[in-house]
Amino acid sequence: MTSQVEKRLGALGLELPSNWTPRGQFLPFRKDGKIVYLSGQICEWDGAVTHLGPVADTPEGIAAAREAAKICALNLIYRLREACDGDLDRVDVILRLGGFVNCTSAFPSSPAVINGATELFIALFGDDGWHARTAVGVSGLPGNASVEVDAIVRLKN
């Protein structure tokens, strides 16, 4: 049975990635009661980083990085589906996103970049997709990815 969230994903013309091995020695998620802590996901698809950093401070660079943030969100949702035993309709609310943008010093647009992930969570989960958030510029990310995003989510009973 396909969840309503996955139906919305399909209606947007998007799909979740296939399984992959994390780049480091960590769990993709950890559950504590109804809370799911999702490890940071970079903009990686089928084993390849899709967008390399640092992000250019241009309209084109920011638009590409927003797409990278969307890919990070798709990777998070894949792992979230695992945490929900295959049923994304068990998500109660997205509590927090943390976003990291590989950029040069004084880059002013980290929030605009991470909006790529935020907008996908809102499109899929509606008002429950709104979340607290951090968007930080950093000097490097795994695989020289342009973006990494992590999340904290509360599940329904």
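These remarks concern the structure in this document. (Residues numbered from 1 in each chain as written. Predicted model: local features only at pLDDT ≥ 70, side-chain atom pairs only at ≥ 80, totals over all residues. Heavy atoms only, no water.)

Points about the side chain of Asn75
Mapped onto the elements of the fold, Asn75 is located in helix H2 (residues 59-83). Overall, the relative accessible area of 1% leaves Asn75 in the buried class. The residues contacting Asn75, other than those within four sequence positions of it, are Pro17, Trp20, Gln41, Ile42, Glu44 and Trp45. (Helix = DSSP H or I, 4+ residues; strand = E, 2+ residues; numbered from the N terminus. Buried < 20%, exposed > 50% of the residue type's maximum accessible area, 1.4 Å probe, protein only. Contact = heavy atoms within 4.5 Å.)

Describing the nonpolar core
By size, the foremost hydrophobic cluster in this structure holds 44 residues, and its most contacted members are Leu80, Val147 and Val153. Listing elements by their share of this core, those giving two or more residues are helix H1 (4-11), strand S2 (35-42), H2, strand S5 (91-102), helix H3 (110-125) and strand S7 (147-155). Excluding anything up to four places from it in sequence, Val147 contacts Gln41, Ile42, Cys43, Ala65, Ala68, Ala69, Cys72, Phe100, Val113, Ile114 and Leu141. (Core = buried A, V, L, I, M, F, W, Y, C linked by side-chain atoms within 4.5 Å.)

Description of H1
By the burial criterion, the buried members of H1 are Val5, Glu6 and Leu9. Along the axis of H1, the buried residues cluster in a sector spanning 95°; they form a single face. Looking at the buried residues of H1, the elements they touch are H2 and H3. The first or second residue beyond H1 is Gly13, which carries a positive phi of 80°. (Arc of directions from axis to C-beta.)

Points about the packing of aromatic side chains
Using the criterion set out here, one finds two aromatic pairs in the structure. The interplanar angle of 45° and the centroid separation of 5.3 Å between the aromatic rings of Trp20 and Tyr78 together place this pair among those described as tilted. Of this pair, Trp20 sits in the loop between H1 and strand S1 (29-32) while Tyr78 sits in helix H2; the two residues are 58 residues apart in sequence, bridging distant segments of the chain. Of the two residues, Trp20 and Tyr78, both sit in the buried class. Relative to Phe125, the ring of Phe121 has its centre 6.2 Å away and its plane inclined at 20°; by these criteria the two rings are stacked. Highlighted residues: Phe121 and Phe125, both in helix H3, separated by four residues, approximately one helical turn. (Phe/Tyr/Trp six-rings, centres within 6.5 Å; stacked < 30°, edge-to-face > 60°.)

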